[in-house]
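Residue-level structure breakdown
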Amino acid sequence: MATYRYRCGSHGSFDLSAPIGTAPGTAPCPGCARPSTREYTAPMLGLAPRAAVALLDRTAATAETPAVVSAPPPRPAHRRTPLAPPNPALRRLPRP
Ligand SMILES: [Zn+2]
């Protein structure tokens, strides 16, 4: 569902929810039932969660100004996770 805005000459703007792409060109005003024309407005990005918008902005910024590094990140002083135990199936492989 998307929110579409319509404007009545007498009662001002009102919103109408409809599936995306199915907004009619005119909608009846809830105050006087006269056909009201659709207003084209900016998407309601202010209603999006800040964290999601920040992630989208950072992702878009990497396309134009990627972070350039001169070396790989330093290795940790010690390995935090223990090594996996050896796979017993590998012992059955033929040896040269
Ligand atoms: Zn009206």
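Residues numbered from 1 in each chain as written. Predicted model: local features only at pLDDT ≥ 70, side-chain atom pairs only at ≥ 80, totals over all residues. Heavy atoms only, no water.

As annotated in an unreviewed UniProt entry, the protein chain carries the name Putative regulatory protein FmdB zinc ribbon domain-containing protein and comes from Pseudonocardia dioxanivorans.

Quick look at the pattern of salt bridges
Close approach of charged atoms allows side chains with opposite charge to pair. All chains considered together, the criterion is met by 1 salt bridge. Here D15 makes a salt bridge to R5, at a shortest N to O gap of 2.8 Å. Of the two residues, D15 is situated in strand β2 (residues 12-18) and R5 in strand β1 (residues 2-8); the sequence distance between them amounts to 10 residues. Taking relative accessible area as the criterion, R5 reaches 30% and is therefore assigned partly exposed. (Salt bridge = Lys/Arg side-chain N within 4 Å of Asp/Glu carboxyl O. Helix = DSSP H or I, 4+ residues; strand = E, 2+ residues; numbered from the N terminus. Buried < 20%, exposed > 50% of the residue type's maximum accessible area, 1.4 Å probe, protein only.)

Quick look at the coordination of the zinc ion
Looking at the zinc ion, one finds its protein donor set to be C8 (SG), H11 (ND1), C29 (SG) and C32 (SG), positioned 2.1 to 2.4 Å from the metal centre. Here the donor residues of the zinc ion share one chain and are spaced in sequence as C-x2-H-x17-C-x2-C. With a gap of 21 residues between them, H11 in the loop between β1 and β2 and C32 in the loop between β3 (26-28) and β4 (35-39) connect regions that are remote in the sequence. For C32, a relative accessible area of 27% puts it in the partly exposed group. (Donors = N, O, S within 2.8 Å, 3.2 Å for Na, K, Ca; no water.)

As for the sheet that holds β2
As summarised here, the arrangement of the 4 strands in space is β2-β1-β4-β3, forming an open sheet in which the pairing is antiparallel. For this open sheet the edge positions go to β2 and β3, each flanked by a neighbour on one side alone. Ignoring which end each strand starts from, the neighbouring axes of this sheet average 45° apart. Inspection of the sheet shows β1 paired to β2 by 7 bridges, in the antiparallel sense. Its bridge partner lying in β2, A2 is registered against A18. (Pairing = 2+ DSSP bridges. Axes fitted to C-alpha atoms, helices over the stretch in contact; angles between N-to-C directions.)

Quick word on the environment of G21
Looking at the element boundaries, G21 is found in the loop between β2 and β3. The sequence separation of G21 and M1 amounts to 20 residues, and the corresponding C-alpha distance is 9.4 Å.

Topic: the UniProt feature "domain: Putative regulatory protein FmdB zinc ribbon" (unreviewed entry) in the protein chain
In the UniProt entry, the feature "domain: Putative regulatory protein FmdB zinc ribbon" (unreviewed entry) is given for residues 1-41. Span residues 1-41 is 0% helix and 54% strand, its end C-alpha atoms 16 Å apart. (UniProt positions renumbered as here; feature names shortened; annotations may be inferred.)

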